[in-house]
Amino acid sequence: MAASSVEYTIGGVKIHFPCKAYPSQLAMMNSIVRGLKYGQHCLLESPTGSGKSLALLCSALGWQRAQFGKSTGFEALLCHSCLCTHIVHSGHDSTEPQPKKQTIASRLSEKFRSSPLTDSEKDDDFQPDRKRIRTAEPKTYWSSKLPVYISVCLFSQFSEPCTRCPCAFAKDTVKDKEKDSKKKIPKIFFGTRTHKQITQIARELKRTVYSGVPMTILSSRDHTCINPEVAPHANRNERCKDLLEAKDGRSCRYYHGIQRIREKGALHKVLGLHQAWDIEDLASLGKKFRVCSYFAARELMESSNIIFCPYNYLLDPMIRESMEINLAGQILVLDEAHNIEDCARESASYTLTQQSLLMCRDELEGMIRNNIRTSGHEPLRGLCYSLINWIQESQSLMSDRGYESASKVWTGKDVLGIFYSLGITADTFRILKQHLAAVLEKEERVGVVNGKEDWVQLPTISSSSSTVLKNLFMVLDFLFRDSSRFADDYRVALQKTYAWTTQLPPDIPDANGFFVRPRHRQRQSNRVKTEVLTLSFWCLNPAVAFSDLSGVVHSIVLTSGTLSPMGSFSSELGVKFTIQLEANHVINKSQVWVGTIGAGPQGRKLCATFQHTETYAFQDEVGALLLHICQVMSKGVLCFLPSYKMLDKLRDRWINTGLWEKLEQHKTVIAEPRGGGKGDFDELLRMYYDAIKYCEERDGALLIAVCRGKVSEGLDFTDDNARAVVTIGIPFPNIKDLQVELKMKYNDQHCKTRGLLPGSRWYEIQAYRALNQALGRCIRHRNDWGALILVDDRYRNNPNKYITGLSKWVRQLVRHHDSFSNAMQSLVAFSQLQQKVGAAAADSPPLSSTVSFPTCHMPTTVAGPDLSKASEPQTPLSAVCPVEPQQDTCPPTFVSDKQLKAETDGNAGKFKLNAQDFRLKNGNKTDNKTSLTTKFIIESALIQFF
C-alpha cells in the first residue's frame, strides 16, 4: 500500500486514491463505477494531464476488488485469515497424507522430456494447438495453487479457501460458491494505442494500493523477444515459428523455460512479479531466468485480473484468436480512444496483393504435388485461382485516378454477386473454413527417419500464406455473416500502381559453363518499375468490428482528451453510451497561452491550404515565424505540420535559404523521420530530451513533427520538454485518397437513416481530433505551463467553423491576434511571467504539508436519480472542491448543505447537491506508521436537477 492514500466511497464502492482527487477525477470515477455497476457503456473525455489514467485504474480495480469481496463471503474470509495458513499450507502436514496430484503443467513437462522438442512446441499466433491426431489438451490453470498469506491486501481472497483444517466448515459449499462467483467477476482488459503508453499506465499503477493486483501485458515479439537468434531478424514472427517447429534442428530454449518454471509453482511468484511491472521488467526477468517473456506474458493472462495491451489486440478478430483473448463478460477499457473508429474499421478490413495470392497458390500446389492433405489443399487452391482470374479480368474495368494509378470499386453486395458466379457462397465458404482449419492443424504420421520408423510431422503452409488466407477468410466471414447484413458496409477496390524495385542481374555462365564474378567488385543492381495490383476489402462502418464486442462484454469504457463531438461515437460504433462525461482541465487559465496567428513577421497572410503551401512566400514566412518563436520561448518547442510532404518541402527550402542554420543557432533542430525502426525513433527522442536537459551552446531544442505521427500520439512532453506547441495549418486527411472519398460518400448515404455525421462533417472532425492530439502534448500536469500557437488565418476569419472543433478547454482560452507583433508581445509577457513564478516557487520554502485545492468546475454528463435516463442530454455542473484539513489538528468535519449548493456560470442551468450526496469527513490515523490516511466518503452521488 502506498505511504499515503485517500479513500473514497462512490456508489457503495471503496476506492483508494494515491492523492486527493481533482473534481474531474471524482466525476470520472463516479461515471465508471456507475457504468460497471449496471453494465453500461461509458464515453468519458478528460483533458490530457488531468489524471484520467489514474482515475481509470483506481475506479475499475476498486470496483473489481469490491466484487471479489462480495463473492467470497464471511466463511471464505475467515478461512483465509486463519492461522493454519502459515502452518499447514506453507509446510508439510504430518497428520494427513497429501496425495500427489499430477497437474497439467507437470504432464506437459514430462511430455517435453520424454519426446522430441517438436512434440511439445506450440505457436498459438499462427495455428491451432498441434496434435498427433488427437484432441487438444486443456489449458493450464495454476493460479489457484498460490499460497495464501495474511498480509496480502484484500486480493488474498482470489486463491482457494482452506480445505485441510478444522476452520473449513462447509468447505465444499464455500469452494463451489467461490468457484461459481469467480466466473462472474470480469477481468479488466485495458487497451492503449501504443506500447509506450502501456509503460506510462504501469507507472501510474505502481503509485496505487492496487499495485499488487495480478496483471500481465500482451505485446508483440518486437518488444518482448529475448532470443538472440530471433531478435535481430526483421520478421521475428517467422523466425520464432521456425524455432518452435525446430525446422533446422534447433529449438527455442527460452520457450521451454516456461515449462520448467511451471514445476516450481506460479509463474509470477517464481519471477518475483509481486508489484506492477512493465514490458522492460518482464524482458529483464526473462533474460535472468532464461524464460520467453512473450509467452510468459500470455501464460500470466489466465490468472490476471487486469490485462494491458494495445487496443488493436482487442478489436482485431485475428489477433484476438491468435492471442486467445476471450472478451465475453469482461470489462473493456480503451484509453486514448479518439482513434477507435479508424482502428475498428481497419480491424475489419484487409488488403492483399496479386503477388501474395500467386505465392499462396504456388505453395498450395506444392502441397498437392507432394500428396499432403490433398483433399484440404485443393479447394483452397481453387479459391486462389478464382480470385487471381477475377483480378486479371477486372483490369479492363479500371479507370484512371491520376498519374500512373487506376482503380475499380465494387460495393459489398456487388462482390457477393460476383463471388456467387465463382462458386463462393455462404455454404461453400463454411466448407472452405473447415478445410483451412484442417490443413493448418498439426498432425504426425509414422514415417521412416534414418532407416527407422518414427513419428514424422506433416508439413504445413508457411505463416505468410496462412496469414493471407486467414485475413481473407476474416473479411469473407463478415460479408457472409447473418445473411450478409454487413455487405453494404464494405467497398472492394482493385487498384493498380507502380513501384520502383531493385533487381540484381542474373549470373551468366561463360563458354565453359562456369559462373565468374569479380571478388571485390559488387554486382550492379537495376532499378525496375513494376506494376502492383492490390485488392482491398474496406470496411466503412466501425460498428462491424464492434458487433463482436458490444453484445458480449460487461462494459465498454472509452476515454480520451479529444472525443468531441461525442455524439458521433454512438452512431459510428453502433454502441449506446449511456454514461457520458466532458470534464474541464485541472490547470489555472493563467498557466496556458492559446492564440491564433494569421500573418507572419513580414505581414504576409498565412493560410495553409494546398495552393498556398506550395509557394516560396508561404514557406519563408512560416520559417521566419518559427525562428521568432524559438527566440522567445526557452527550452523545448514542438512544431506540428499536416503532412510529411510539407515537412520535406519546408526543410529543403529552409536549408537552401539558410534559415535552417539560423534555427540551429538557437536550438537543436530535429525532424521526425518517416517510418524507421523503434530504436531509431527512441534515439531521436533521446537527442531531443538531452538537448533540453543539457543546454550548453543552444537554448533547448525544436522538434518538427507531423500530426498523426508518432510524436503527436501518446508521448509525454512534460515541463521544459514542451514550453510551446506550434501547429501549422489544419491537418485534414488527403481528400484525393480513395478510401477517404468512399467513406465520405458512405456517410452521406447513411447519415439520415443511421444518424451518421455527413461526409463533410466527418472529414472535418478527423482534422480536429488530430489537431487536438498535437495540442495536448504540452500541458501534462497541474503545475505545468506552456503556449499553444495555432498558425492559420482561417481560425480568425471563420471561428464558428474552425474553433468549434477544438477541445473544450482549448476553445475557452483562444485569443485571436490581429498582427504578428501583438502576438509576440503577448507571448513574451506570458513566458517571462511564468519563468518568474517558477523561480519564486523554487526559491521559497514549502509552507505546509497541507494540500489545498482551488475552486474548480466539474462539467459532466451524468445520470440523475433515474439511471435509465442517463443517455438523455444533461446539464453540465460545477462543484466546489473540498479543502483538505490540517493533519492531526482538525476534528472530523462535515460539509453543510449551504456549502454544497452551487450554480453553473454558463448556459448550463442550475443544479443542487443534497447533503446526503457528498459527505466529507476527516479520517483517523491508520495503522500505517509512515502516514495519515485521510478518508473522504462520497456516498451515492445522485445529482438532482431543477
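Everything numeric in this text was worked out from a predicted model, so none of it was measured. Counting starts from 1 at the beginning of each chain's written sequence and moves along it residue by residue. Given that the model is predicted, a residue must reach a pLDDT of at least 70 before its local features are reported, and side-chain atom pairs must reach 80 or more before they are shown or counted; all residues, however, enter totals for whole chains, interfaces and linings. The side-chain numbers reported here are obtained from all heavy atoms of the structure, hydrogens and water having been left aside.

### Quick notes on the overall build of the protein
Alright, step 1. Assigned secondary structure in the protein consists of 34 helices and 27 strands.
Alright, step 2. Type-normalised accessible area, obtained with a 1.4 Å probe on protein chains alone, sets the label of each residue: buried when under 20%, exposed when over 50%, and partly exposed for intermediate values. Looking at the protein as a whole, 53% of its 946 residues are labelled buried.
Alright, step 3. Long-range pairs, those at least 24 residues apart, make up 78% of the contacts in the protein between residues at least 6 apart in sequence. By the criteria applied, helices consist of DSSP H or I runs no shorter than four residues and strands consist of E runs no shorter than two, each listed in order from the N terminus. We call two residues in contact whenever any of their non-hydrogen atoms come within 4.5 Å of each other.

### Some remarks on the sheet that holds strand β7 (residues 331-334)
Alright, step 1. In spatial order, the strands read β5-β6-β4-β7-β15-β3-β16; together these seven strands make up an open sheet with parallel pairing. Each edge of the open sheet is held by one strand with a lone partner, namely β5 (215-217) and β16 (579-582). Strand-to-strand twist in this sheet, taken as the mean axis angle between neighbours without regard to direction, amounts to 15°.
Alright, step 2. When DSSP finds at least two bridges between two strands, those strands are taken to pair. Note: strand β4 (residues 188-192) against β7, four bridges, orientation parallel. Among the inter-strand pairings, F189 is bridged to a residue of β7, identified as L332. An axis is simply a line fitted to the C-alpha atoms; with a helix, the fit covers only the stretch in contact. Between two such axes, the angle follows the N-to-C directions and lies from 0 to 180 degrees.

### Some words on the packing of helix α18 (residues 412-421) against helix α20 (residues 463-484)
Any two packed helices are characterised by how steeply their axes cross, that is the angle between the axes, and by the distance between the axes.
Alright, step 1. Taken N-terminus to C-terminus, the directions of α18 and α20 make an angle of 95°; their axes are 11 Å apart at the nearest point. Of the possible angle classes, the one that applies to α18 and α20 is roughly perpendicular. Residues G412, L416 and F419 of α18 touch α20, and the partners they reach there are L476, L479, F480 and S484. Every angle not falling under 35 degrees, over 145, or within 65 to 115 is termed oblique; those three ranges are roughly parallel, roughly antiparallel and roughly perpendicular.

### Thoughts on the packing of aromatic side chains
Alright, step 1. Centres within 6.5 Å are what make two rings of Phe, Tyr or Trp a pair, Trp counting through its six-membered ring; a difference in plane orientation under 30 degrees is then read as stacked, over 60 as edge-to-face, and the rest as tilted. Inspection of the entire model under this criterion finds 13 aromatic pairs.
Alright, step 2. Taken together, W390, W410 and F419 form an aromatic cluster joined through their ring pairs.
Alright, step 3. Counted as over-ring charges are cases with an Arg CZ or a Lys NZ within 6 Å of the ring centre that also lie within 35 degrees of the ring normal. One cation-aromatic arrangement involves K529 over Y498; the distance from NZ or CZ to the ring centre is 5.5 Å.
Alright, step 4. Across from the ring centre of Y802, 5.8 Å away, lies the NZ or CZ of R794, which sits over that ring.

### Regarding the confidence of the model for the protein
In low-pLDDT segments, the atomic positions of the prediction should not be examined closely.
Alright, step 1. pLDDT is a per-residue confidence score from the predictor, ranging from 0 to 100. When the pLDDT values of the protein are averaged, the result is 75; 70% of them are 70 or greater.
Alright, step 2. Counting contacts from residues 73-175, a segment whose pLDDT is below 50, to residues more than four positions away or on other chains yields 177 contacts.

### Examining helix α28 (residues 738-754)
Alright, step 1. Between the first and last C-alpha of α28 there are 23 Å, a value that for 17 residues agrees with the 24 Å anticipated at 1.5 Å per step.
Alright, step 2. By the burial criterion, the buried members of α28 are L738, V740, L742, K743, M744, Y746, N747, H750 and C751.
Alright, step 3. Two to three positions downstream of the cap, the backbone nitrogen of Q739 sits 3.0 Å from a side-chain oxygen, assigning the N-cap of α28 to D737.
Alright, step 4. Just downstream of α28 lies G755, where phi reads positive at about 75°. Expected span of a helix, by definition, is 1.5 Å for each gap between consecutive residues, and there is one gap fewer than residues. Side-chain atoms alone can form a polar contact between residues adjacent in sequence; in general such a contact is a pair of N or O atoms within 3.5 Å, and within protein one must be able to donate a hydrogen while the other accepts it.

### Notes on α18
Alright, step 1. Burial in α18 covers these residues: G412, V415, L416 and F419. Projected down its long axis, α18 carries its buried residues within an arc of 105°, all on one side. Among the exposed residues of α18, those oriented more than 90 degrees off its buried face are K413, Y420 and S421.
Alright, step 2. Two residues or fewer past α18, G423 is found with a positive phi of approximately 85°. Regarding the arc, it is the one traced by the directions from the helix axis to the C-beta atoms.

### Quick look at the packing of helix α17 (residues 374-394) against helix α19 (residues 426-440)
Alright, step 1. Where α17 contacts α19, the axes come no closer than 9 Å and their chain directions differ by 125°. Judged on the interaxial angle alone, α19 and α17 are oblique. Read as a crossing pair, α17 and α19 show a hand that is left-handed. Facing α17, whose interface residues are S375, G376, H377, P379, L380 and L383, α19 presents L432, H435, L436 and V439.
Alright, step 2. Partitioning the contact of α17 with α19 into residue classes produces six nonpolar, four polar and no charged. Take the far helix as your reference; a near helix turned counterclockwise from it by less than a right angle gives a left-handed crossing, and one turned clockwise gives a right-handed crossing. Amino acids are sorted into nonpolar (Ala, Val, Leu, Ile, Met, Phe, Trp, Tyr, Cys and Pro), charged (Asp, Glu, Lys and Arg) and polar (every other residue, Gly among them).

### Observations concerning the pairing of strand β10 (residues 405-411)
Alright, step 1. Direction of pairing for strand β9 (residues 399-402) relative to β10: antiparallel, over a ladder of three bridges. If you follow D400 over to β10, its bridge partner there is A406.
Alright, step 2. Hairpin connection from β9 to β10: two residues lie between these consecutive antiparallel strands, with E404 at a positive phi of about 55°.

### Observations concerning the sheet that holds strand β17 (residues 592-597)
Alright, step 1. Taken in spatial order, the seven strands line up as β19-β20-β18-β21-β22-β17-β23 in an open sheet, and their pairing is parallel. Of all strands in the sheet, those with a lone pairing partner are β19 (668-671) and β23 (815-817), marking the two edges. Put simply, the sheet's adjacent strands are angled 20° from each other on average, direction ignored.
Alright, step 2. Sheet topology note: the β17/β23 ladder contains three bridges and is parallel. The partner of G595 across the bridge, within β23, is R815.
Alright, step 3. In the packing of helix α25 (residues 644-657) onto the sheet, contacts are made with β18 (636-641), β19 and β20 (701-706), and the angle to β20 comes to roughly 140°.

### Here we look at the nonpolar core
Alright, step 1. Working definition of a nonpolar core: buried Ala, Val, Leu, Ile, Met, Phe, Trp, Tyr and Cys residues. They are joined through side-chain atoms within 4.5 Å. Counting residues in hydrophobic clusters, the biggest one holds 96 residues, and the most contacted among them are I325, L334, I340, F537, F546 and L558.
Alright, step 2. At ten residues, the largest contribution of residues to this core is made by α20.
Alright, step 3. Setting aside residues up to four positions removed in sequence, F546 forms contacts with L315, L334, I340, A344, I556, L573 and V575.
Alright, step 4. Core analysis: the next-biggest nonpolar cluster, separate from the first, contains 47 residues, C58, L205, Y210 and V213 among them.

### A closer look at the pairing of strand β2 (residues 13-17)
Alright, step 1. Counting buried residues along β2, four of its five residues qualify, which places the element largely inside the surrounding structure.
Alright, step 2. Both strand β1 (residues 6-10) and β2 contribute to a ladder of five bridges, which runs antiparallel. If you follow T9 over to β2, its bridge partner there is K14.
Alright, step 3. Taking the residues that link successive antiparallel strands as the turn, the β1-β2 hairpin has two residues, and the phi of G11 there is positive, at about 60°.

### Some remarks on the side chain of N339
Alright, step 1. If you trace the backbone, N339 turns up in the loop between β7 and α15 (340-347).
Alright, step 2. Take N339: its relative accessible area is 17%, and that puts it in the buried class.
Alright, step 3. Side chain to side chain, N339 and H338 meet in a polar contact 3.3 Å long.
Alright, step 4. Discounting residues that sit within four places of it in the chain, N339 has contacts with R193, Y311 and E713.

### A word on unusual backbone geometry
Alright, step 1. Phi angles above zero are rare outside glycine, and N371 is one such case at about 60°.
Alright, step 2. With respect to the helices, strands and loops of the structure, N371 is situated in the loop between α16 (354-369) and α17.
Alright, step 3. Relative accessible area serves as the criterion here: at 59%, N371 is assigned to the exposed category.

### Considerations on the state of the cysteines
In a disulfide, the sulfur atoms of two cysteines are held together by a covalent bond.
Alright, step 1. The rule for a disulfide is simple: a pair of cysteine sulfur atoms within 2.5 Å. Within the structure shown, the criterion is met by zero disulfides.
Alright, step 2. Not part of a disulfide, C639 finds its nearest cysteine sulfur in C630, a span of 8.4 Å.
Alright, step 3. With relative accessibility at 2%, the residue C639 sits in the buried group.

### Some thoughts on the pattern of salt bridges
Where side chains of opposite charge bring their charged atoms close, a pairing between them can arise.
Alright, step 1. Within this document, salt bridges are pairs made up of a side-chain nitrogen of Lys or Arg and a carboxyl oxygen of Asp or Glu, the two lying within 4 Å of each other. Within this structure, the stated rule accounts for 30 salt bridges.
Alright, step 2. D548 serves as the salt-bridge partner of R481, at 2.6 Å between the closest nitrogen and oxygen. Here R481 is found in helix α20, whereas its partner D548 is found in the loop between α21 (543-546) and β15 (555-560), with 67 residues between them in sequence.
Alright, step 3. K605 is paired through a salt bridge with D793; the nearest N and O atoms lie 3.8 Å apart. Within this pair, whereas K605 is found in the loop between β17 and α23 (610-613), its partner D793 is found in the loop between β22 (786-791) and α30 (794-797), the two being separated by 188 residues in sequence.
Alright, step 4. Salt bridges here are not isolated pairs; linked through shared partners, they connect R320, K433, D477, R481 and D548.

### Re the environment of G598
Alright, step 1. For G598, the location among the structural elements is in the loop between β17 and α23.
Alright, step 2. When the C-alpha positions of G598 and H816 are compared, they lie 8.6 Å apart, and in sequence the two are 218 residues distant.
Alright, step 3. In this structure, G598 is in contact with R604, K605, L606, D792 and D793, ignoring residues within four places of it in sequence.

### Comments concerning the environment of L715
Alright, step 1. Mapped onto the elements of the fold, L715 is located in the loop between β20 and β21 (724-728).
Alright, step 2. On the accessibility criterion, L715 (5% relative accessible area) is buried.
Alright, step 3. Here the alpha-carbon distance between L715 and T194, two residues 521 residues apart in the chain, equals 9.5 Å.
Alright, step 4. Discounting chain neighbours no more than four positions away, the residues touching L715 are K196, Q200, F681, L685, K710, R777 and R780.

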